[in-house]
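Here is how the chains run, residue by residue.
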Amino acid sequence: MKEGRIIKVSGPLVVADKMEGAKMYDVVRVGIPRLIGEIIELRADHASIQVYEETTGIGPGEPVFLTDEPLCVELGPGLIGSIYDGIQRPLDILREKTGDYIVRGVEADALNRKKKWEFKSKAKKNEKIGQGDILGEVQETSVVTHRVLLPPGIEGVVEEISDGKFSVDDVIAKVRLKNGGRENITMVQRWPVRKDRPCKEKISPVVPLVTGQRVIDTFFPVTKGGVACIPGPFGSGKTVVLHEIAKWADADIIVYVGCGERGNEMTDVLIEFPKLCDPRTGKSLMERSILIANTSNMPVAAREASVYTGITLAEYYRDMGYDVALMADSTSRWAEALREISGRLEEMPGEEGYPAYLGMRVAQFYERAGRVVTLGKLQNPSNDGKTGSLSVVGAVSPPGGDLSDAVVQATLRVVKVFWSLEDKLAYKRHFPAINWLSSYSLYLDNIKDFLKTEIGEDFLELRNMAMKILQEEDKLLEIARLVGIESLSIENRLTLEIARSLREDFLHQNAFDPIDVHSSLLKQYKMLKLIINFYHDSLEKLKAGGALDEILTSPIRDKLRKSKFLSENEI
Amino acid sequence: MLKEYLTVSSIAGPLVLVKNIEEVKYGELAEIESITGEIRRGRVLEVSSDVALVQLFEESRGLDIFKSKVRFLGKGIELGVSPDMLGRIFDGLGKPIDASPRPISEKYIDVNGSPINPFARDYPDEFIQTGISAIDGMNPIVRGQKLPIFSGTGLPHNRLAAQIARQSRVLPGTTPKGGGVQEKFGVVFGAMGITFEEASFFISQFRETGAIERAVLFINLADDPAIERIATPRLALTTAEYFAFEKNMHILVILTDMTNYAEALREVSAARKEIPGRRGYPGYLYTDLATMYERAGRIKGKTGSITQIPVLTMPEDDKTHPIPDLTGYITEGQIILSRELQRRGIYPPIDVMPSLSRLKDKGIGPDKTREDHADLLNQLFACYARGREAKELAVILGEESLSEMDKVYLKFSDSFEEKFIQQAEFEKRDVLETLDLGWKLLSAFPASELSRVHEEYIQKYLKK
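Just so we're clear, the structure is a prediction, and the values are computed from it rather than from any experiment.

Thoughts on empty space enclosed by the protein
Within the structure shown, the criterion is met by 8 cavities of 30 Å³ or more. When its volume is computed, the largest cavity comes out at roughly 200 Å³. Residue lining of the largest cavity: 21 residues in total, with Glu-336, Arg-339 and Pro-399 of chain A together with Arg-278 and Leu-326 of chain B positioned closest to the centre. Taken together, the elements giving at least two residues each to the lining of the largest cavity come down to helix H6 (331–344) of chain A together with helix H6 (285–293) and helix H7 (322–330) of chain B. Space inside the second largest cavity adds up to approximately 110 Å³. In terms of lining residues, the second largest cavity is bounded by 13 residues, among which Gln-213, Val-240, Phe-431, Pro-432 and Ala-511 of chain A are the most central.

Right under this line is the structure:
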């Protein structure tokens, strides 16, 4: 193995010389403890390396070993249910090895090497097979069937394939290549995290990702394969919203990346997910989730890598034809890691000290989401057999909640859904604290047909009507503030009351109530219809000379108030 | 024998540059001996082939370029810990200042600590009763939480912190995680740049209540070198970890004032001519603060815990200033003090609306406090928020123009502040007392207004 020599150490940045032959973004092992690092700058034979572990105790003169390979993740059965750090080291195994604290220089396999998986072949001997085609299946967890695919770049004829119990390193098939060579296929493959996995083509998303959160699904929906961002000041509930989506979204696989956030929050996920039941499968949520935890006190450079690690794992399942949803909490911490490394490289800063390439990196990351036609010929009964999707929801934590922040702006340029969290709503304990006036979703058109055929012909009309009432409320409140509420007409006062009902009975959702915690689309539709119908009825009664107070005390209002605590059939 | 270097090439602020060095490691501890034989300590901040940049933890006054001797000690900064530290007072660098000899150390621990593996963490869910309604009722703390007090100059954050330290306990009748063994409590107090009077207030508080017997104090005063403050909170937390996870104690860490700490960090960053982030604070302030705040928590299989209450004064009461802002993004909520309540003579002047405890949900409810706690606090929040809105409206339009219901809300918000939030500095309110008080205040409303509470609790607790 080739090696260089350290000439400078400054926090997570190490400079080494004698690095001829090193390539950009190659992984190197730094110093005597062989810390993991990545080359981020080359000048003649000097390489600047960002190190993914604490560099205390490393000094000039120590060796740097070249691996001649970019930062990769291991892909194969056993990912689901795992908790990894930013560079895919399993935290549970690390704890077994080194105790309660994270110690550096420890290596651990991302996938369990000893575990035997029951492999059922799908491809036949002598069958012609191409990249992304299915070789066989492994029941990874009780809800996830892991499809073992031929890795990208390989094409040929199946020469040998067998059923049985295999570990991930065992050869399950042999493929004769076009050029006459032979490739041994195992269930594990490596993929560089900074490179997106290939697909046949990207197509536009048309099915909503149902999150169970009314303000999202009804008012600002995201699609399967869509991208959304959720900026907000601290205490506005970003993490709670992401947790709720991770719990209740109707995706097949969830990848949750805790990037530079609180340790206890990851613990919360770890303790809660196995206990919670997926309403669709009845099985524990952990059976479909992968967690990546690089908390705020863990090394900064690994934080930078964690979002890429996460999205590569997500793409891998997308390629199997699954609907995958990735939550990144928070992309601001990722951007700050970029800034810190950039500062140590003494690069010329752009806005707020962030590197000039921030916008490009943000865009590259979000563009890896989407609905795709997968490479191979897949038989997935749950859709038309060829598509998979990857939805990305990113939290952004702007300083002081200021939306002019560079990371927020760079994100808004690429995402299609903007959920604007407001601390004022959070102070009133109105959760999810998503402001209904400033948020938007550009997917309403995409999912129009789906809503019409699957849920209700008039869903969108109801939604638009409700939106109009809420906007009207804002104007009316402004007037009331100036001239007093008595000066409003009786119809206007009705509008205010209906808007209040929309806010309190529909938009407000209690994440700690067992029933209210998630609403099916049908329930949302029914609830909305109830409120809007009440509005129309009341309006007619008013016109016929009814008294407002009488209308407002009608028993139907009580029903509205209680509807959130009822299941969809009871409404 | 350690090598001694006489090759200091520059001294600027807290930074010393040493040339012609060999075998120096990043993060290593360095000792610099002045001509008079005084020894200062520092840490290697950057090292290249033959130059090391050392950041002093003490003042550079009296150091010279030609005669100062530098030794690199081949280890990080360590703190000697022992059970005898309880009841003792140290300066910001860990030297005793209470006229007793230095305790004999049981072991030495690196003060920077290591990150706790998220997989090894245990979720904090044991309710701590502080006896303060604004906290217990509205923003309850649990063991292992980090909950800062955001204050401003001239607000009684020290009195509040002392009251919390004095009154905190776990509810009797609940089974603690340790299985009910004799629980041991302790307080570790880290003071950065506070005045002599503030420090003596805390010391006398601890002495009077006898709490000093189970407290360790690290005190860096306002006139001590600012640069020492970078080490002080780390010493405090290392001590806390030792007592919590090796001696199975429940440790409450109070760090005051984090603003002074961040300013010391800014000083070092400026001396290094680093590209500044917001308001001149270094871009890594978030990471740096996180390496301290994240040292709170619980570990699976260990009985002890570390609960952190950092105190910081917000410059100009501005919550969006980088120090409170970044702190709020790391900690599990915040308690914000309000100047307006303080002016109206309300103690503790806790502004409950923007205050938040993120971990409360698993710390309250049946078996912990009472079944109705979550609903009740949501309802109180909603009513108080509407009452405050009504109040603002009344200021513009006059109270007469409010609707009848808004007037009820307005009255509620006043009595909420005067009866619920306000209490005496030495008053210990039981949490059940706090909850009953909340229901009593809510009885001003018709039941139909209480939409955040489940029907059954209204039946059970709302008294007319």
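On we go.
Side note on the sheet that holds strand E9 (residues 117–121) of chain A
Residue and element names in this part refer to chain A. The strand order E12-E11-E9-E14 describes an open sheet built from 4 strands, whose pairing is antiparallel. Both edges of this open sheet fall to strand E12 (145–149) and strand E14 (164–166), since each of them pairs with a single strand only. Averaged over all adjacent pairs, the angle separating strand axes in this sheet is 40 degrees, with direction ignored. Sheet analysis places E9 next to strand E11 (residues 134–139), joined by 3 bridges and oriented antiparallel. Looking at the pairing, Ser-121 lines up with Gly-136 of E11.

Quick look at the confidence of the model for chain B
Atomic detail in the predicted coordinates should be set aside for any region of low pLDDT. Residue and element names in this part refer to chain B. Residues at a pLDDT of 70 or more form 97% of chain B, whose mean pLDDT is 91. Confidence, expressed as mean pLDDT per element, reaches its minimum in chain B at strand E15 (residues 169–170) with 83 and its maximum at strand E14 (residues 149–151) with 97. As a predicted assembly, this complex carries a pTM of 0.92 together with an ipTM value of 0.88.

Structural notes on the domain arrangement of chain A
Residue and element names in this part refer to chain A. Under the domain assignment used here, chain A contains domain 1 (3–70), domain 2 (117–187), domain 3 (199–440) and domain 4 (456–565). The distance between the C-alpha centroids of domain 2 and domain 3 comes to 32 Å. In this assembly, 16 residues from domain 2 lie in contact with 17 residues from domain 3. At the boundary of domain 2 with domain 3, total buried surface from both sides reaches about 1400 Å², with 52% on carbon and sulfur atoms.

Observations regarding the UniProt feature "binding site: ATP" (unreviewed entry) in chain A
Residues and elements named next belong to chain A. What UniProt calls "binding site: ATP" (unreviewed entry) maps, in this numbering, to Gly-232, Pro-233, Phe-234, Gly-235, Ser-236, Gly-237, Lys-238 and Thr-239. The annotated residues contributing to the lining of the second largest cavity are Ser-236 and Gly-237. As for its placement among the helices and strands, Ser-236 is situated in the loop between strand E19 (227–231) and helix H3 (238–248). Not counting residues up to four positions away in its chain, the partners in contact with Ser-236 are Leu-421, Glu-422, Asp-423, Ala-426, Phe-431 and Ala-433. A polar atom in the side chain of Ser-236 sits 2.6 Å from the backbone oxygen of Pro-233.

Concerning the side chain of Glu-41 of chain A
Residue and element names in this part refer to chain A. Looking at the secondary structure, you find Glu-41 in strand E4 (residues 35–43). Classification of Glu-41 as buried rests on a relative accessible area of 15%. At 3.1 Å, the side chain of Glu-41 forms a polar contact with the side chain of Arg-43. In this structure, Glu-41 is in contact with Met-24, His-46, Ala-47, Ser-48, Leu-345 and Glu-347, ignoring residues within four places of it in sequence.

Quick notes on the interface of chain B and chain A
Interface size, as often reported, equals the accessible area lost upon joining of the parts. Taken residue by residue, the interface counts 75 residues in chain B and 75 residues in chain A. For the pairing of chain B and chain A, the buried interface totals around 6300 Å² over both sides, and the portion due to carbon and sulfur atoms is 53%. Broken down residue by residue, the surface that chain B buries against chain A is led by Tyr-26, Phe-119 and Tyr-329 of chain B, which jointly contribute 13%. Between chain B and chain A we count 9 salt bridges in total. Arg-452 of chain B is the partner of Glu-504 of chain A in a salt bridge, and the nearest nitrogen-oxygen pair spans 3.4 Å. Taken together, the links from chain B to chain A amount to 34 residue pairs in polar contact (both at pLDDT 80 or more). Going through the elements one at a time, strand E5 (39–48), strand E11 (121–122), helix H4 (232–246), H6, H7 and helix H9 (373–397) of chain B are the ones with two or more residues in the side of chain B that touches chain A.

A few points about the environment of Thr-223 of chain A
All names here are of chain A. Within the element layout of this structure, Thr-223 appears in the loop between helix H2 (214–219) and E19. For the pair Thr-223 and Val-417, spaced 194 residues apart in the sequence, the C-alpha separation amounts to 9.5 Å. With residues near it in sequence (within four places) discarded, Thr-223 still touches Pro-205, Val-207, Pro-208, Leu-209, Ser-391, Tyr-443, Asn-446 and Ile-447.

Describing the packing of aromatic side chains
Applying the stated criterion to the full structure yields 25 aromatic pairs over all chains. Between Phe-90 of chain B and Phe-218 of chain B, the aromatic rings sit 5.3 Å apart at their centres with planes inclined by 20 degrees, giving stacked as the arrangement. Linking Phe-90 of chain B in strand E9 (residues 88–91) with Phe-218 of chain B in strand E17 (residues 215–221), this pair joins segments that are 128 residues apart in sequence. Here Phe-90 of chain B falls in the buried class, since its relative accessible area comes to 3%. On the accessibility criterion, Phe-218 of chain B (0% relative accessible area) is buried. Taken together through their ring pairs, the aromatic side chains of Tyr-384, Tyr-409, Phe-412, Phe-416, Phe-420 and Phe-445 of chain B make up a single cluster. Against the face of Tyr-322 of chain A rests Arg-147 of chain A, its NZ or CZ located 4.6 Å from the ring centre.

Details of the pattern of salt bridges
Where charged atoms from two side chains of opposite charge come close, those side chains can pair. Residue and element names in this part refer to chain A. Here the structure, examined in full by the defined rule, presents 84 salt bridges over all chains. Of the charged contacts in the structure, one is a salt bridge between Glu-38 and Arg-194, with a shortest N-O distance of 2.6 Å. Of the two residues, Glu-38 sits in strand E4 while Arg-194 sits in the loop between strand E17 (189–192) and strand E18 (201–203), which places them 156 residues apart along the sequence. One salt-bridge network, held together by shared partners, links Glu-69, Glu-74, Arg-113, Asp-169 and Arg-190.

A look at the sheet that holds strand E16 (residues 182–186) of chain A
Residue and element names in this part refer to chain A. Read from one edge to the other, the open sheet built from 4 strands follows the order E10-E13-E15-E16, with strand pairing classed as antiparallel. Of all the strands in the sheet, just strand E10 (128–129) and E16 have a single pairing partner and so form its edges. With 5 bridges connecting them, strand E15 (residues 171–177) and E16 associate as antiparallel partners. In the strand pairing of E16, Lys-174 is matched with Asn-184.

Quick word on the state of the cysteines
Taken as a whole and assessed by the stated rule, the structure comprises 0 disulfides over all chains. Cys-72 of chain A forms no disulfide, and the closest cysteine sulfur to it belongs to Cys-199 of chain A, at a distance of 19 Å.

Let's talk about the domain arrangement of chain B
Residues and elements named next belong to chain B. Its domain assignment divides chain B into domain 1 (4–72), domain 2 (78–360) and domain 3 (372–461). Looking only at domain 2, the three residues that lose the most surface to domain 3 are Ser-133, Met-138 and Met-353, adding up to 26% of its buried area. Joining domain 2 to domain 3, the criterion identifies 4 salt bridges. With a shortest N-O distance of 3.3 Å, Arg-388 and Asp-351 are connected by a salt bridge. Connecting domain 2 to domain 3 are 15 residue pairs in polar contact (both at pLDDT 80 or more). Elements represented by at least two residues in the side of domain 2 that touches domain 3 include exactly strand E12 (127–129), helix H1 (133–138) and helix H2 (157–167). Among the elements that make up the side of domain 2 that touches domain 3, the one with the highest residue count is H1 (5 residues). Classifying every residue of the side of domain 2 that touches domain 3 gives 13 nonpolar, 9 polar and 7 charged.

Comments concerning H4 of chain B
Residue and element names in this part refer to chain B. The terminal C-alpha atoms of H4 lie 21 Å apart, and with 15 residues this matches the ideal 21 Å at 1.5 Å per residue to within 8%. The element H4 is extensively covered by neighbouring structure, given that 14 of its 15 residues are classed as buried. Looking one or two places after H4, you find Asn-248, whose phi comes out positive at around 55 degrees.

What counts and how
Residues numbered from 1 in each chain as written. Chains lettered and ligands numbered in written order. Predicted model: local features only at pLDDT ≥ 70, side-chain atom pairs only at ≥ 80, totals over all residues. Heavy atoms only, no water. 1 Å grid on protein atoms, 1.4 Å probe; cavity = no way out; pocket = protein on both sides within 12 Å on 5 of 7 lines; lining within 4 Å. Points joined across faces, edges and corners; volume = space filled by probe spheres on them. Helix = DSSP H or I, 4+ residues; strand = E, 2+ residues; numbered from the N terminus. Pairing = 2+ DSSP bridges. Axes fitted to C-alpha atoms, helices over the stretch in contact; angles between N-to-C directions. pLDDT = per-residue confidence, 0-100. Domains from an automatic or database assignment. Contact = heavy atoms within 4.5 Å. Buried area = accessible area lost by both parts, 1.4 Å probe. UniProt positions renumbered as here; feature names shortened; annotations may be inferred. Polar contact = N/O pair within 3.5 Å; in protein donor to acceptor, adjacent residues only side chain to side chain. Buried < 20%, exposed > 50% of the residue type's maximum accessible area, 1.4 Å probe, protein only. Salt bridge = Lys/Arg side-chain N within 4 Å of Asp/Glu carboxyl O. Phe/Tyr/Trp six-rings, centres within 6.5 Å; stacked < 30°, edge-to-face > 60°. Lys NZ or Arg CZ within 6 Å of the ring centre and 35° of its normal. Disulfide = S-S within 2.5 Å. Nonpolar A, V, L, I, M, F, W, Y, C, P; charged D, E, K, R; others polar. Expected span 1.5 Å × (residues − 1).

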